[in-house]
Amino acid sequence: KSALCTCNDVNLQGYLRTRGFDSANGPYVPGSGTGAPVGINHDYVIPALGANAGFTDIGGSLSIAGNDSVSFAGALSVEGDLEAAGRLDLKGYTRIARHAFLGGDVTNAGYATVGGDLHIAGIDMLPFVTTGTRKKEPVSVAPPCACDALLDIASLVDQARTKNDNAVVGLGVRDFKDVIGFIDRRLPCGVFYVEAISGIGNIVLHVDGRVALFVEDRVDATGNLEVQLAPGAEIDVFIKGTLSLTGRGAFGSTARPAATRIYVGGSDEVALVGASGFVGNLYAPRARVTATGYANVWGSIFARDFVVPGFADIVYDRAITHAGDGCGAPPPAACETCQGCSGGKACVHGSCGACRNDGECCGQDVCLGGVCQVLIK
């Protein structure tokens, strides 16, 4: 439920900007969109760039659980809550639309506002302009990203090796491996398994229904890799190894990023260096995800680390939170943590039910009307 979530660090040279929309309600309108939070389990590293310093503009809440200090050389704008465990150095204009939970001292050289309550454990040299109450108290920030129970992607790929629908469509396990020429395939609803997707050729996949594609080794496209989704179609790609896009890679449409989910099980670096923006929701919790220069993402990134030597723009499709709702699985009743519940329910005394406060919701969800949900303004 985040535009960007990392088990370790986010490290970038330029700016980070997130925006959100729900593709079920229509296309994204440029310049608009909230409900696109960012969670960082460790640290947010922004090297000093002097006069060329970038900015951090989050269309949702921002949570930084690491204890290292963060220096915001440019403007900082957060449309939800700001949670930061370590010391903050605010050099430019700062705007927090909702509440702020700050675990360390704050050096503020510019104008800083908090639209809700300010909870601060340390000292802010130039006090925030706070619309709500100001509370001097200890502040702790829980890791916002669920990195303690990772999906076993390798096991899922192993199962698909013998249980798949390849024979139905005549798909060979090596059909997409080391491609030099042109391959154009149509995949109906089903489960399919291949050894790899690689080569310098042109691979076009037409997806007509709900497709799960399992890849034994890697997706390494230096040519053209294009996934075209029919109306209502969706694809889940499970990769045991790694993903590397150095050519043109399009896993879906910017009109429906939620329809594309990519799961990477390996720990090798995931490189997004394609000629166009990346479309899809990338789950690579064991890997460092990198992009050269400008990272334009339609969907979301869940990674061990996210490293961009330039700028990062992420347009988050909140329809991903409803993926799988029509699969018929009954909602869980018992739970140990909020992660064991679905449908916006919280884990209250071992049972999934209505939330009573933000603290009962997972990650950066807030409790609104008894339902845990992404904050949308």
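Quick look at the structure, then.

Cut-off values and rules
Residues numbered from 1 in each chain as written. Predicted model: local features only at pLDDT ≥ 70, side-chain atom pairs only at ≥ 80, totals over all residues. Heavy atoms only, no water. Salt bridge = Lys/Arg side-chain N within 4 Å of Asp/Glu carboxyl O. Helix = DSSP H or I, 4+ residues; strand = E, 2+ residues; numbered from the N terminus. Buried < 20%, exposed > 50% of the residue type's maximum accessible area, 1.4 Å probe, protein only. Phe/Tyr/Trp six-rings, centres within 6.5 Å; stacked < 30°, edge-to-face > 60°. Contact = heavy atoms within 4.5 Å. Pairing = 2+ DSSP bridges. Axes fitted to C-alpha atoms, helices over the stretch in contact; angles between N-to-C directions.

As for the pattern of salt bridges
- According to the stated counting rule, one finds 25 salt bridges in the structure shown.
- Here arginine 288 ties to glutamate 269 by a salt bridge, and the two come within 2.4 Å at their closest N and O atoms. A residue pair is termed long-range when its members are at least 10 positions apart, and arginine 288 in strand 31 (residues 278-291) and glutamate 269 in the loop between strand 29 (260-264) and strand 30 (270-272) qualify at 19 residues.
- Looking at arginine 288, the relative accessible area reads 34%, which means it is partly exposed.
- One salt-bridge network, held together by shared partners, links Asp158, Arg161, Glu216 and Lys240.

Details of the packing of aromatic side chains
- Evaluation of the coordinates by the stated rule reveals 11 aromatic pairs.
- Considering the side-chain rings of phenylalanine 238 and tyrosine 263, the 4.5 Å spacing of their centres and the 5° angle between planes classify their relative orientation as stacked. Linking phenylalanine 238 in strand 26 (residues 234-239) with tyrosine 263 in strand 29, this pair joins segments that are 25 residues apart in sequence. The pair formed by phenylalanine 238 and tyrosine 263 is uniform in burial state, with each residue classed as buried.
- An aromatic cluster of three or more residues is present, and its members are Phe214, Phe238, Tyr263, Tyr283 and Phe302.

So, the environment of glycine 249
- Along the chain, the position of glycine 249 falls in strand 28 (residues 248-250).
- Spatially, the C-alpha atom of glycine 249 lies 19 Å from that of glutamate 216, the residues being 33 residues apart in sequence.

Some thoughts on the environment of valine 114
- Tracing the backbone shows valine 114 in strand 15 (residues 112-114).
- Taking C-alpha positions, valine 114 is 9.8 Å from arginine 134, a pair spaced 20 residues apart along the chain.
- Other than its neighbours up to four places away in sequence, valine 114 contacts Ile96, Arg98, His99, Ala100, Phe128, Val129, Thr130 and Thr131.

A look at the sheet that holds strand 14 (residues 106-108)
- Taking strand neighbours across the sheet as the criterion, the three strands line up as 8-11-14 in an open arrangement whose pairing is parallel. Each edge of the sheet is formed by a strand with only one pairing partner; in this case those strands are strand 8 (70-72) and strand 14. In this sheet, neighbouring strand axes are inclined to one another by 5° on average, regardless of whether the strands run parallel or antiparallel.
- Note: strand 8 against strand 11 (residues 88-90), three bridges, orientation parallel. Bridge pairing in strand 11 places serine 71 opposite aspartate 89.

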